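Observations on chain architecture
Take a look at the letters that make up each chain.
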Amino acid sequence: MAKMYSEIQLDLEIKGYIAALEKAKQANAKLKADYQNKIDGMNKKSNVLMSTFKKMAGVIGAAFATQQIISFTKDAIVLAAKAEGIKDAFAKLNDGSLLDDLRKATRGTVDDVTLMAKAVQANNFRIALENLPTYFEFAQQRARATGESVDYLVDSIVRGIGRKSALILDNLGISASELNEQLKITPDYAAAVGAIIQREMAKSGTSISTTVDTIDQLKASMTNLKTEVGDMFNDVF
């Protein structure tokens with residue numbers, strides 16, 4: 001009886017070992033598969049990075065030295081990290097066409113992260129997002145007419161309306177006296193500013209692209225490229 005019990009116990013132990021080995025084999029196979037998937041993913045991202053660097057080299061030219069590439073990459077990683085929160089907040093605005101509308105309004109002279117950040121800020125100020133393209137187009141036009149930075153005037157129009165500050169709006173050539181007169185007709189602050197903007201844009205007519213526009217477009221494109229490269233590096237590492 002003792003011998004039979006020992007044989008049964010041994011048989012159970014052997015079966016237990018076999019089952020354990022089979023589980024270990026399956027776990028090992030899964031680990032290999034997961035590892036391979038990660039390698040494949042990194043390879044794909046590396047290929048995209050190489051493609052992006054080729055594009056970057058084509059834009060910047062052979063004068064872009066190794067040290068400059070290293071500096072560019074560092075800047076890109078930092079910029080992309082800062083942009084993460086802005087992108088998340090912008091995505092929650094639930095407006096699929098807003099970014100493209102703002103790009104068109106500013107003629108591509110402002111980088112995407114700045115546009116998204118200003119849209120989020122405007123939303124925090126309870127500024128109607130559907131009016132932003134008009135506000136930003138006016139800011140771009142005034143920047144060309146006055147030589148001010150587009151980024152500066154885009155920021156001014158958001159903060160000026162959001163804080164109801166005639167002093168800030170003066171940066172765009174909207175005088176306090178004109179604003180006060182319009183507020184008598186249109187008590188809502190944003191609507192009053194909007195009415196003045198519509199009048200001013202109608203007087204200025206269609207604006208033409210300038211050399212400054214081209215320079216700002218290149219700067220914005222470079223910043224967008226940096227963000228794209230930084231995103232890829234941050235995803236890989």
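A brief structural summary. All of these numbers come straight from a predicted model, not from anything done at the bench. (Residues numbered from 1 in each chain as written. Predicted model: local features only at pLDDT ≥ 70, side-chain atom pairs only at ≥ 80, totals over all residues. Heavy atoms only, no water.)

A short note on helix 4 (residues 112-124)
- Taking 1.5 Å of rise per residue, the 13 residues of helix 4 would be expected to cover 18 Å, and the 18 Å separating its terminal C-alpha atoms lies within 8% of that figure.
- Of all the positions in helix 4, only Asp112, Val113, Leu115, Met116, Lys118, Ala119, Val120, Gln121 and Ala122 are classed as buried.
- With a side-chain oxygen lying 3.2 Å from the backbone nitrogen of valine 113, the N-terminal cap of helix 4 falls on aspartate 111.
- Downstream of helix 4 by a residue or two, arginine 126 has a phi angle that is positive, lying close to 65°. (Helix = DSSP H or I, 4+ residues; strand = E, 2+ residues; numbered from the N terminus. Expected span 1.5 Å × (residues − 1). Buried < 20%, exposed > 50% of the residue type's maximum accessible area, 1.4 Å probe, protein only. Polar contact = N/O pair within 3.5 Å; in protein donor to acceptor, adjacent residues only side chain to side chain.)

Focus on the packing of helix 5 (residues 132-146) against helix 9 (residues 189-204)
- Interaxial distance between helix 5 and helix 9 falls to 10 Å at its minimum, and their mutual angle equals 50°. Comparing the axis directions of helix 5 and helix 9 gives the class oblique. Considering only the axes of helix 5 and helix 9, their crossing is left-handed. In contact with Thr134, Tyr135, Glu137, Phe138, Gln141 and Arg142 of helix 5, helix 9 contributes Ala190, Gly194, Ile197, Gln198, Glu200, Met201 and Ser204. (Axes fitted to C-alpha atoms, helices over the stretch in contact; angles between N-to-C directions. Parallel < 35°, antiparallel > 145°, perpendicular 65-115°, else oblique. Left-handed = near helix turned anticlockwise from the far one by under 90°. Contact = heavy atoms within 4.5 Å.)

Some details on the pattern of salt bridges
- The full count for this structure, using the stated rule, is 12 salt bridges.
- The partner of lysine 87 in a salt bridge is aspartate 231, and the shortest N-O contact between them spans 2.6 Å. Of this pair, lysine 87 sits in helix 2 (residues 66-91) while aspartate 231 is found in helix 10 (residues 211-236), placing the two residues 144 residues apart along the sequence.
- On the basis of relative accessible area, lysine 87 is assigned to the partly exposed category, the value being 28%.
- Across the salt bridge formed by lysine 203 and glutamate 200, the nearest N and O atoms sit 3.1 Å from each other. (Salt bridge = Lys/Arg side-chain N within 4 Å of Asp/Glu carboxyl O.)

Describing the packing of helix 5 against helix 6 (residues 150-162)
- For the pair helix 5 and helix 6, interaxial distance at closest approach is 8 Å and the crossing angle is 130°. Between helix 5 and helix 6, the interaxial angle falls into the category oblique. Seen from above, helix 5 lies across helix 6 with right-handed handedness. Residues Tyr135, Phe136, Phe138, Ala139, Gln140, Arg142, Ala143, Arg144 and Thr146 of helix 5 lie in contact with helix 6, whose contacting residues are Val150, Leu153, Val154, Ile157, Val158 and Ile161.
- Tallied by class, residues from the contact of helix 5 with helix 6 come to 11 nonpolar, two polar and two charged. (Nonpolar A, V, L, I, M, F, W, Y, C, P; charged D, E, K, R; others polar.)

Read these as geometric descriptors, not functional statements.
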